[in-house]
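# Examination of the molecular architecture
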Amino acid sequence: MKERPAMAVFLTRDQLPAVLAASAERGPTWVAAGRGEDSGFIPYRPGLCLDREAGPTRRTLKEVFFPRAEVLFGYATVDGVPRLQPAEPSGQPMVVFGVRPCDARALALLDPVFEEPPHVDGLWAGRRQAATLVGLGCDRPGPACFCPAAGGDPLGEEGLDVLLVPVDGGYLVRPLTERGRAWTEPLGLPPARPEQQAAAEAVAARARERLAGSPPVDLQATLARGFEHALWDRLHERCLGCAACTYLCPTCHCFDVGDEDGRRWRRWDSCMFPAFTLHASGHNPRTTGKERMRQRLMHKFCYYPERRGRPACVGCGRCVEICPANVDLRSVLDQLKGVRA
Amino acid sequence: MNPYLPHLAVIQEVIPETASQDVKTFRVAFAEPEVRDGFRYEPGQFAEVSVIGVGEAPISITSSPTQEGYLEFAVKRAGVMTTAMHHARPGDYLGIRGPYGNHFPYREMEGKDVVFIAGGIGLAPLRSLITFVLDPANRDRYGAVSIIYGARSPGDLVFKWELERWRQRDDLALEVTVDRGDASWQGRVGFVPQVLRELAPRPENAVTVTCGPPVMIKFVLQDLEKLGFTPDQVITTLEMRMKCGIGKCGRCNIGSRYVCQDGPVFSYEQLRQMPAEY
């Protein structure tokens, strides 16, 4: 995807609303909007703009590509014969605006899950192929953020087509892919001046400094030997099993499938629920919160890296912020460093 | 590409297996001729079977690829979907997608004696391989074939019609046992592991394939080890709750292995290296 670095251009703050409006006229446009609890990716409507003072949105980018509930196919019986109507993505080009680098990396971590041959998930792949991701670098990471520890960066480029770096008066605009150039060029923006480039570097340095000291999440080798460790017996005690962390995790992708109202649906599901692995026979391989929390953590920091080479965590900190029992993944990871069978 | 869309198949025959009819075998054929001709599978693979409007479940294909034109699924009535399936009749439609998963290592097994050890409905996935091995086109590739099959009671034995056919062959040693007999039962009484110890198959140049309830598997594995079988000579097939069948819904993993893609067939050697979470 990545080719020659294109010249950075500059977008002033005042120009941003017009850019969004123009994008929405060409096709579906999603905007990272709102603040705190209410924030998420919202289809553009006049007046909607990203809030550059806000941190990462509470709801994640994955909802745009993997909705909470979606139809896999419709069914009806005609003259005694079932007729199936498969869902297909529209394929209409769309733009997602204000994507934080952690969320873009999360999509890159999910791509191999949904797109690995031979079973390519066309619903996911169709939306991914239709999307231009316009990123927004983080100039002020939140208190729960730990992306560098997870291999990311507040100005990371992985998975993005364009990166906007917020600086005084506007945004340094860096097209990163061919698709990103196709989005940027029609805007006719002036090249960024050297002092604007330098300001962007300073933003990056400040953000990285704020994030220094995050706990590393590279625990694969340790955890691979720690499945039976006694720490698991108490790590889960505080967890209520509400599954909020999995719903707001940008890399969690578990789903359920069921028939309702003439349609077969898939809906988000969670490994934190007891029924998730319950067999029809009544047998359940993960009977208590201990096994379920171990599964969630092992999947992200041991099993996924075994299969794909890196952890399935981007350090966005959402699970830390929303846990009603104050389970802090960073401290859990810190304890897991000591796990040795 | 929508990998969740099943093909329609018509039920040709429903065979009640157990006395209580809690297990039935469904013989089905795809409605579209091109699907029927193009559906290729290996012994040990499974399919996602739908009762459209009710739901979907992963079911092992109990027929063998040597049997062309139809598929068979032996299904125990356990949950919502399998109960609805048990209400289906010949002529009704099912949805089928697959085949999924890996398969029994039948090529690596060539030239060896094969010992099948099954309990209850655990015979269903093994039957695909048994039929494949016994097929005239394949039989010469394998050494002595023996089957130890057990169920709780005579009424719980599945594939009785198939057991009769196997019994009449002279190139196959079949031992059927039940935990508890009844007034009319003339055969063996005893648990599968007991029969295994008594028959004591030789491990030299042999492979065993086993499937059954967890408690049976546990003792069978212990006894096979005592008989001198090494973990790589023991093959089994697992079941796990699944939704997608294609490695995406995140439900059937044991450690980093997905039963739907890396399994359902594993050697005991592989299982020993996985967390005991199944």
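See the structure shown above.
So, here's what we can say about the structure. Please read all numbers here as calculations on a predicted model, not as lab measurements.

### Quick look at the overall build of chain A
Within chain A, the secondary structure is distributed over 12 helices and 11 strands. For 341 residues, the compact-globule estimate of 2.2 N^0.38 gives 20 Å, and chain A sits close to it at 21 Å. Seen through its principal axes, chain A has C-alpha atoms that stretch 65 × 65 × 35 Å. Sequence separation of at least 24 residues holds for 72% of the intrachain contacts in chain A that already meet a minimum separation of 6.

### Some thoughts on the overall build of chain B
Across its full length, chain B carries 7 helices and 15 strands. A globule of 278 residues ought to have a C-alpha radius of gyration of about 19 Å, and chain B, at 18 Å, matches this closely. The dimensions of chain B, computed from C-alpha atoms along their principal axes, are 50 × 45 × 35 Å. Residue pairs at least 24 apart in sequence account for 70% of intrachain contacts in chain B once pairs closer than 6 positions are excluded.

### Things to note about unusual backbone geometry
For the bond running from P117 of chain A to P118 of chain A, omega is 5°, close enough to zero to count as cis. Relative to the helices and strands, P118 of chain A resides in the loop between helix 3 (101-115) and helix 4 (122-130). With an omega dihedral of -5°, the bond running from G98 of chain B to P99 of chain B counts as a cis peptide bond. Relative to the assigned elements, P99 of chain B resides in strand 6 (residues 93-100). If you check the backbone angles, N326 of chain A has positive phi at about 60° while not being a glycine. The phi torsion at N205 of chain B lies on the positive side, around 50°, for a residue other than glycine. Tracing the sequence through the fold places N205 of chain B in the loop between helix 5 (192-199) and strand 11 (206-211).

### Remarks on the sheet that holds strand 6 of chain B
Think of a sheet as strands paired side by side through backbone hydrogen bonds, with each pair either parallel or antiparallel. Residues and elements named next belong to chain B. The antiparallel open sheet is built from 6 strands, whose spatial order is 4-3-6-1-2-5. The outermost strands of the open sheet, each flanked by one partner alone, are strand 4 (55-60) and strand 5 (71-76). With strand direction ignored, the average angle separating the axes of adjacent strands in the sheet is 40°. Inspection of the sheet shows strand 1 (residues 7-16) paired to strand 6 by 4 bridges, in the antiparallel sense.

### Structural notes on the interface of chain B and chain A
Contacts between the two partners involve 30 residues from chain B and, on the opposite side, 37 residues from chain A. Across the side of chain B that touches chain A, the residue classes tally to 14 nonpolar, 10 polar and 6 charged.

### Section: helix 6 (residues 214-226) of chain B
Residues and elements named next belong to chain B. The terminal C-alpha atoms of helix 6, which comprises 13 residues, lie 19 Å apart, in line with the 18 Å expected from a rise of 1.5 Å per residue. Among the residues of helix 6, those classed as buried are M216, I217, V220, L221 and L224. Along the axis of helix 6, the buried positions cluster into a sector of 130°, meaning they face one direction only. Away from its buried face by more than 90 degrees, helix 6 exposes V215, K218, Q222 and K226. Those residues of helix 6 that are buried are in contact with strand 7 (113-119), helix 5, strand 11, strand 12 (234-237) and helix 7 (268-272).

### A short note on the sheet that holds strand 11 (residues 263-268) of chain A
Residue and element names in this part refer to chain A. Taken together, the 4 strands give an open sheet; going across it, the order is 5-4-11-10, and neighbouring strands pair in antiparallel fashion. Lying at the two open borders of the sheet, with one neighbouring strand each, are strand 5 (81-86) and strand 10 (255-260). The mean inter-strand angle of the sheet, taken between neighbouring strand axes irrespective of direction, is 25°. The sheet contact formed by strand 10 and strand 11 spans 6 bridges and is antiparallel. When the sheet's bridge partners are listed, G258 is paired in strand 11 with W265.

### Description of helix 4 of chain A
Residue and element names in this part refer to chain A. Taken as a whole, helix 4 has its buried residues at L123, W124, G126 and R127. Along the long axis of helix 4, the arc covered by the buried residues comes to 165°, so they all point the same way. Where helix 4 is buried, its residues contact helix 2 (62-65), strand 4 (69-78), helix 3 and strand 7 (131-136).

### Looking at the environment of H229 of chain A
Positionally, H229 of chain A belongs in the loop between helix 7 (220-224) and helix 8 (231-235). Put simply, H229 of chain A and G338 of chain A are 109 residues apart on the chain and 9.7 Å apart in space, counted from C-alpha to C-alpha.

### Looking at the packing of helix 5 of chain B against helix 6 of chain B
All names here are of chain B. Across the interface, helix 5 lies against helix 6 with an axial gap of 9 Å and an inter-helix angle of 15°. Classified by the angle between their axes, helix 5 and helix 6 sit roughly parallel to one another. Between helix 5 and helix 6 lies a crossing of right-handed hand. Contact residues: V192, P193, L196 and R197 in helix 5; M216, F219, V220 and D223 in helix 6. When the residues that make up the contact of helix 5 with helix 6 are grouped by side-chain class, the tally is 6 nonpolar, no polar and 2 charged.

### What to know about the environment of I15 of chain B
Residue and element names in this part refer to chain B. By the element assignment, I15 lies in strand 1. Taking C-alpha positions, I15 is 38 Å from K226, a pair spaced 211 residues apart along the chain. The contact partners of I15, leaving out residues within four places of it in the chain, are K24 and T25.

### Focus: the pairing of strand 2 (residues 29-33) of chain A
Side chains on a regular strand alternate between the two faces of the sheet. Residue and element names in this part refer to chain A. Of all 5 residues that make up strand 2, 5 are buried, and the element is covered over most of its length. The alternating pattern of strand 2 places T29, V31 and A33 and W30 and A32 on opposite faces, both of which are buried. In terms of strand pairing, strand 2 meets strand 6 (residues 94-99) through 3 bridges, oriented parallel. Across the sheet, T29 pairs through a bridge with V95, a residue of strand 6. Summarising the sheet, strand 2 and strand 3 (residues 40-43) pair through 4 bridges and their orientation is antiparallel. Residue V31 lies in a different strand from strand 3, and its bridge partner there is I42.

Cut-offs and rules
- Residues numbered from 1 in each chain as written.
- Chains lettered and ligands numbered in written order.
- Predicted model: local features only at pLDDT ≥ 70, side-chain atom pairs only at ≥ 80, totals over all residues.
- Helix = DSSP H or I, 4+ residues; strand = E, 2+ residues; numbered from the N terminus.
- Rg over C-alpha atoms; globule rule 2.2 N^0.38 Å.
- Contact = placed C-beta atoms within 7 Å.
- Pairing = 2+ DSSP bridges.
- Axes fitted to C-alpha atoms, helices over the stretch in contact; angles between N-to-C directions.
- Nonpolar A, V, L, I, M, F, W, Y, C, P; charged D, E, K, R; others polar.
- Expected span 1.5 Å × (residues − 1).
- Buried ≥ 20, exposed ≤ 12 C-beta atoms within 10 Å, placed from the backbone.
- Arc of directions from axis to C-beta.
- Parallel < 35°, antiparallel > 145°, perpendicular 65-115°, else oblique.
- Left-handed = near helix turned anticlockwise from the far one by under 90°.

In short, geometric facts, not functional conclusions.
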